[in-house]
Amino acid sequence: MRMSCNGCRVLRKGCSENCSIRPCLRWIKNPESQANAIVFLVNFFGRAGLMNLINGRPDHLRPAIFRSLLYKACWRIVNPIYGSVMPLSYRSEPCSTWESDAGQATFK
Ligand SMILES: [Zn+2]
């Protein structure tokens, strides 16, 4: 009998050979960190929302989507307004059209 992945264990759902979460967590080496990543994303997107975002895409894209969601959620915590766009506002050079409004608001 195969053990549940840390994602399914935290979500208390059945894990199978075709688990969509397991491949998403492989890049995180520490089991506790894997569980924390899932809890963080579930708190952010909701359990159903997270599963829909992951399962709604082809298998080979799911790990990248998981990373992208984690990145987005982390930046949204750092800056609720700009979120993952915030690093772009660190650019020293003007950044095309949205730069004027977004940049000024960030550095007020
Ligand atoms: Zn699983």
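Our structure is the block above this text.
Presented here is an overview of the structure given in this document.

Here is what the cut-offs are and how they apply
Per chain, residue numbering runs from 1 following the sequence as it is written. In keeping with the predicted nature of the model, local features appear solely for residues at pLDDT of at least 70, side-chain atom pairs appear and are counted solely at 80 or more, and the whole-chain, interface and lining totals rest on all residues. Per the convention used, a helix needs a DSSP run of H or I reaching at least four residues, while a strand needs a run of E reaching at least two, with both numbered from the N terminus. Buried, partly exposed and exposed are defined by the number of other C-beta atoms within 10 Å of a residue's own C-beta, namely 20 or more, between the two limits, and 12 or fewer respectively, with C-beta atoms placed from the backbone. Residue pairs are scored as contacts if the distance between their C-beta atoms, which are placed from the backbone, is within 7 Å. Here the axes come from fitting lines to C-alpha atoms, over the contacting stretch only for helices, and the angles between their N-to-C directions go from 0 to 180 degrees. Every angle not falling under 35 degrees, over 145, or within 65 to 115 is termed oblique; those three ranges are roughly parallel, roughly antiparallel and roughly perpendicular. A clockwise turn of the near helix away from the far one marks a right-handed crossing, whereas an anticlockwise turn of less than a right angle marks a left-handed crossing. Note on residue categories: nonpolar means Ala, Val, Leu, Ile, Met, Phe, Trp, Tyr, Cys or Pro, charged means Asp, Glu, Lys or Arg, and polar means any other residue, Gly included. The term nonpolar core refers to a group of buried residues, namely Ala, Val, Leu, Ile, Met, Phe, Trp, Tyr and Cys, whose C-beta atoms join them within 7 Å.

The next thing to look at is the overall build of the protein. Summing up its helical and strand segments, the protein has six helices and zero strands in all. Along the protein, from the amino end to the carboxyl end, the secondary structure elements read α-α-α-α-α-α. In the protein, which comprises 108 residues, the proportion classed as buried is 15%. Within the protein, residue pairs in contact and separated by at least 24 positions form 42% of the contacts whose partners lie at least 6 positions apart.

Take the packing of helix α3 (residues 31-45) against helix α5 (residues 62-78) next. Packing of α3 against α5 brings their axes to within 10 Å, and their N-to-C directions diverge by 65°. Taken as axis vectors, α3 and α5 run roughly perpendicular relative to one another. Pair α3 / α5 crosses with left-handed handedness. Listed contacts from α5 to Ala37, Phe40, Leu41, Phe44 and Phe45 of α3 are Leu69, Leu70 and Ala73. Residue classes in the contact of α3 with α5 are distributed as eight nonpolar, no polar and no charged.

In this structure, Tyr71 sits in helix α5. Sequence-wise, Tyr71 and Ser84 are 13 residues apart; in three dimensions their C-alpha atoms are separated by 7.2 Å.

Counting 11 residues, the largest nonpolar core is built from Cys5, Ile21, Cys24, Leu25, Ala37, Ile38, Leu41, Leu50, Ile54, Phe66 and Leu69. For this core, the element with the highest residue contribution is α3, accounting for three residues. Filtering out sequence-adjacent residues up to four positions away, Ile21 remains in contact with Cys5, Gly7, Cys8 and Ile54.

Let us look at the environment of Ala64. Tracing the chain through its elements places Ala64 in helix α5. You can call Ala64 exposed: it has 11 C-beta atoms within 10 Å. Counting along the chain gives 41 residues from Ala64 to Pro23, while the straight-line C-alpha distance between them is 9.9 Å.

Looking at the element boundaries, Ser20 is found in the loop between α1 (6-11) and α2 (22-25). Given 20 C-beta atoms within 10 Å, Ser20 falls into the buried group. The spatial distance from the C-alpha of Ser20 to the C-alpha of Ile54 is 7.3 Å, given a sequence separation of 34 residues. Setting aside residues no more than four positions away along its own chain, Ser20 makes contact with Ile54, Asn55 and Arg62.

Here the focus is the packing of α3 against helix α4 (residues 47-55). Two elements in contact, α3 and α4, have axes separated by 6 Å at closest approach and are oriented at 105°. Between α3 and α4, the crossing angle belongs to the class labelled roughly perpendicular. Only Arg47, Gly49, Leu50 and Leu53 of α4 make contact with α3, whose side of the interface consists of Leu41, Val42 and Phe45. Each residue belonging to the contact of α3 with α4 can be placed in one class, and the counts come to five nonpolar, one polar and one charged.

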